[in-house]
Amino acid sequence: MQNRIIYGIDIARGSPRAKELPRYALAVFRDGEITHHTMLRRQKVLNMVLKDRPEIIAVDNIFELAADRKELISIMNRLPDGVKLVQVTGGLHPEPLVRLGKKHGISFDPTNPNEEAEACARLAELGVGHEVSLFEDMTKIKVSRARSLGRGGWSQNRYRRKVHGFVQQRSREIEDILKRLSREKGIRFEVVNVKGFGGYVRSEFTVYAKRGEIPIHPIVSSDAQVSVKNVERDRIRYIPLKQKQSRRRFTIVGIDPGTTVGIAILSLDGDLLFLKSFRGIAPDEVVKLIAEYGKPAVIASDVAPMPGSVEKIRRSFKAVPASPGAEVSSEEKIALGRPFGYSNDHERDALTAALLTYKSYKNVFSRIEKKAPEDSDLELIKLFVMRGYSIEAAIEKVQAQAQAGKKPRKAPEPPVKPEDMALEESLRKMRETVQQQGEQIQNLQEYVEELKKEAAAKDRKISKLEARLRDFKKEAYMEVRKEKELRIRESTIENLKRELVRKNRTLKDLRRRSKKLRKIQKMEVRGEGTPVKVISAFTKESIAETKEHYGLKEGDVVFLENPSGGGTATAQILVEVGVRAVLIPEDISHAAEDTFFKGGIPVLKNVPLERADDFAMVEPEVLKMAIAEWEKEAEKSRQKAKEDELQSIFDEYRSERRRGLL
């Protein structure tokens, strides 16, 4: 293949897990030609990758490049789009590189890093190995402010509005790009905007596509910044470079039936292949659409029992049925579907059915990947397990099918070399070894000199940085002390302000009460007012409380603030005290009014008062006129009562005469 570039890498010295920084041998396969580079640092290799953008970086063990998963993720994030990291020795079950070389006719010296690197490149060029996949087909984009708003001052709100406005503007630009991608390529995305004063505090986009498919790059400006990150997988996934094309892949299909049909299709690795809803779609069209994405191993519904329309589609594929054992709540459906995104409830329910089915098999699939031999058909083993086979029985069945399908081949005859050719080949290898060792010695000497220069430069840099660090620490300490004192003072000021507001409110209330009390006192002294004692409720307890605090004596005028609820016994207490009059704001019970009437105590309604808490004042003339009015009405009532009594006696007399008793 023309213009094809493949990097083969092998560790030459050191290790990512050791104190000594590793050095690498690099074989560059370019247009059929191999170029060797020795004793390269990892950063140098990555710089060359950024420049050449090779199709494949081939290694025999990915952890020769990185000490752990975290460091490997950091390296893969730095690789250009389209560059594959391939472990040529296999995925979960690696095969020795020497054995792979013999199998594909590539001979090399396993003690020579240059030859091992070349072997990795040539094997990758033949399609041997597994691509290392650490990221989902999902990208997170975050737009936020580029710097802290700080403590602020007079212009703080204006500055905050400006920054939030920049974040909002950048977010809308990105959303426009994603909407265009959605229309042109069908890429789905979700956005969450956190609103702030004058715009957005931040915006977070979840795009269901690889990072290389999205034309958005990290940006840092003076006020807003954009970060674009891949979404990590929960475990490393190995994808064969050469996929078997003898049959279609197996899938897990979730269906939500009805007038609008929701369809979700997952691979057996849990990747979302298709998600959409259709209104009024015919069953045969559903079958045709599902078949385009592979052969369904399982047809699932989110309700039990499975609806009849879904059962018919399942039977047409002879797939395994699946449905949840219990009803799935809306909250659980939303939580399951949120990482993938959906447009409506039909898509959500179909996606829920497929995801619940995949989750039920996920642990079994992991055990299959660990137990199955390297060259086994994992998808076919998973299919048999889903159909009820044990893992061991499924592996045996797939291996038996593979053996039955193989054609016998003739074993190649070993090449026979003359003795002189063998001797010449041995001498050639020895000369190459001497030449390589001379080059290595020269490289090492140059490396030692380079390290000495770097060490001296680093010592000078460390001294400068330590001096700057001391200055920064001193400044930071002073700033922290200043901020702490300011916070304490601000807190004290706020507390004092709140206390002042409370005191002012209390003072205002006391002045108002004092003013009323002085007014009442003046009226009483000048004879313009008669004091009134306020009883809050017409109950025995309230009367006793007023008597205890202010005293109740004969001739007092009382005001019942709430006259409801009192009866004969309660009224009798005030009658026995001998109060002069009882003032009320509304009607009292008939029994209480009758008791006051019999006791000769006027009950006066709606007499104007001057109130001051538990004290009140009534104008003497007003009180006198009200009592006189009450006496006049009471006299009429008593006169009428006497007339009624005489009439009753007269009627009784006439009745007795009529009966001849007199």
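In this text, all values refer to a predicted model and were calculated from it rather than measured experimentally.

Rules of the game
Residues numbered from 1 in each chain as written. Predicted model: local features only at pLDDT ≥ 70, side-chain atom pairs only at ≥ 80, totals over all residues. Heavy atoms only, no water. Helix = DSSP H or I, 4+ residues; strand = E, 2+ residues; numbered from the N terminus. Buried < 20%, exposed > 50% of the residue type's maximum accessible area, 1.4 Å probe, protein only. Contact = heavy atoms within 4.5 Å. Areas by Shrake-Rupley, 256 points an atom, 1.4 Å probe, with all protein chains shown as cover. Pairing = 2+ DSSP bridges. Axes fitted to C-alpha atoms, helices over the stretch in contact; angles between N-to-C directions. Core = buried A, V, L, I, M, F, W, Y, C linked by side-chain atoms within 4.5 Å. Expected span 1.5 Å × (residues − 1). Phe/Tyr/Trp six-rings, centres within 6.5 Å; stacked < 30°, edge-to-face > 60°. Lys NZ or Arg CZ within 6 Å of the ring centre and 35° of its normal. Polar contact = N/O pair within 3.5 Å; in protein donor to acceptor, adjacent residues only side chain to side chain. Salt bridge = Lys/Arg side-chain N within 4 Å of Asp/Glu carboxyl O. Arc of directions from axis to C-beta. pLDDT = per-residue confidence, 0-100.

Caption draft 1: Summary view of the overall build of the protein chain. Scanning the protein chain for helices and strands turns up 16 helices and 21 strands. Looking at the protein chain as a whole, 36% of its 662 residues are labelled buried. Intrachain contacts of the protein chain at a sequence separation of at least 6 include 63% that bridge at least 24 residues. Only carbon and sulfur atoms are counted for the fraction: they give 52% of the accessible area of the protein chain, which is about 41,200 Å².

Caption draft 2: Geometry of the sheet that holds strand β12 (residues 260-267). The strand order across the open sheet built from 5 strands is β13-β12-β11-β14-β15, with neighbouring strands paired in mixed fashion. Looking at strand neighbours, the two that pair on one side only are β13 (272-279) and β15 (320-322), the edges of this open sheet. If you compare each strand with its neighbour and ignore which way they point, the axes differ by 25 degrees on average. Here helix α6 (residues 283-292) sits on the sheet in contact with β11 (250-256), β12, β13 and β14 (295-300), set at roughly 20 degrees to β12. Against the sheet, helix α7 (residues 308-317) touches β11, β14 and β15, its axis set at about 155 degrees to β14.

Caption draft 3: Here's a closer look at the nonpolar core. Residues I252, V298, F365, I368, I381, V385 and M386 are the most contacted members of the largest nonpolar core, which totals 37 residues. The set of elements that each furnish at least two residues to this core consists of β11, β12, β14, β15, α9 (345-371), α10 (378-386) and α11 (391-405). Other than its neighbours up to four places away in sequence, V385 contacts V364, I368, S390, I391 and A394. Grouped together as the second largest cluster of nonpolar side chains are 29 residues, L46, M48, I57 and M76 included.

Caption draft 4: Up close: helix α16 (residues 620-658). Its 39 residues give α16 an end-to-end C-alpha distance of 56 Å, which sits within 8% of 57 Å, the value for a rise of 1.5 Å per residue. In this structure, the buried side of α16 is in contact with β16 (530-535), β17 (557-560), β18 (581-584), α15 (590-598), β19 (603-605) and β21 (615-618). Count one or two residues on from α16 and you reach G660, which has phi positive near 80 degrees.

Caption draft 5: Layout of unusual backbone geometry. With an omega of 0 degrees, the peptide bond running from A304 to P305 counts as cis. The topology assignment puts P305 in the loop between β14 and α7. Phi at M39 is positive, roughly 50 degrees, even though this residue is not glycine. As for its placement among the helices and strands, M39 is situated in strand β3 (residues 33-41). Non-glycine residue N606 carries a positive phi angle of around 60 degrees. With respect to the helices and strands, N606 occurs in the loop between β19 and β20 (610-612). Relative accessible area serves as the criterion here: at 53%, N606 is assigned to the exposed category.

Caption draft 6: Spatial organisation of the packing of aromatic side chains. A full pass over the atoms with the stated rule returns 7 aromatic pairs. With a centroid separation of 6.4 Å and 10 degrees between ring planes, the pair formed by F274 and F278 is classed as stacked. Taken together, F274, F278 and Y293 form an aromatic cluster joined through their ring pairs. In this structure, K382 packs its charged tip against the face of F365, placed 4.9 Å from the ring centre.

Caption draft 7: Spatial organisation of the side chain of T595. Assignment of secondary structure puts T595 in helix α15. Within the structure, T595 has its side chain in polar contact with the backbone oxygen of A591 (distance 2.9 Å). In contact with T595, other than residues within four places in its own chain, are T568, A571, Q572 and V575.

Caption draft 8: The arrangement of the pattern of salt bridges in detail. Overall, the coordinates contain 33 salt bridges when judged by the stated rule. Of the charged contacts in the structure, one is a salt bridge between E173 and R170, with a shortest N-O distance of 3.4 Å. On the criterion of helical spacing, the pair formed by E173 and R170 is a turn pair, its members being 3 residues apart in helix α5 (residues 156-185). Using a relative accessible area of 25% as the deciding quantity, one classes R170 as partly exposed. Note that R481 and E485 form a salt bridge whose closest N and O atoms lie 4.0 Å from each other. In this pair, R481 and E485 are both assigned in helix α12 (residues 419-525), 4 residues apart and thus about one turn of the helix distant. Look at R481 and you get partly exposed, because its relative accessible area is 42%.

Caption draft 9: Representation of α6 in the model. Of all the positions in α6, only V286, L289 and I290 are classed as buried. Along the long axis of α6, the arc covered by the buried residues comes to 100 degrees, so they all point the same way. Turned more than 90 degrees away from the buried face of α6 sit D284, K288 and E292, all of them exposed. Against the buried residues of α6 lie β11, β12, β13, β14 and α7. Downstream of α6 by a residue or two, G294 has a phi angle that is positive, lying close to 130 degrees.

Caption draft 10: Layout of the environment of R23. Residue placement: R23 occurs in strand β2 (residues 23-30). By relative accessible area, which is 6% here, R23 ends up buried. In the structure, R23 is positioned 18 residues away from R41 in sequence and 5.0 Å away in space, judged by C-alpha atoms.

Caption draft 11: Structural detail: the pairing of strand β7 (residues 189-196). Pairing between β7 and strand β8 (residues 199-207): 8 bridges, direction antiparallel. Its bridge partner being in β8, V192 is matched across the sheet by E204. The antiparallel hairpin formed by β7 and β8 contains 2 residues in its connecting segment, where G198 sits at a positive phi of about 85 degrees.

Caption draft 12: Region of the structure containing the confidence of the model for the protein chain. In the predicted model, the protein chain carries a mean pLDDT of 83, and the fraction of residues at 70 or more is 88%. Note on residues 407-418: pLDDT under 50 across the span, and 0 contacts to partners over four residues away in sequence or across chains.

Caption draft 13: Structural view of the side chain of T570. Tracing the sequence through the fold places T570 in helix α14 (residues 568-577). Judged by its relative accessible area of 9%, T570 falls in the buried class. Ignoring any residue separated from it by four or fewer positions in sequence, one finds T570 in contact with F538, T539, K540 and I543.

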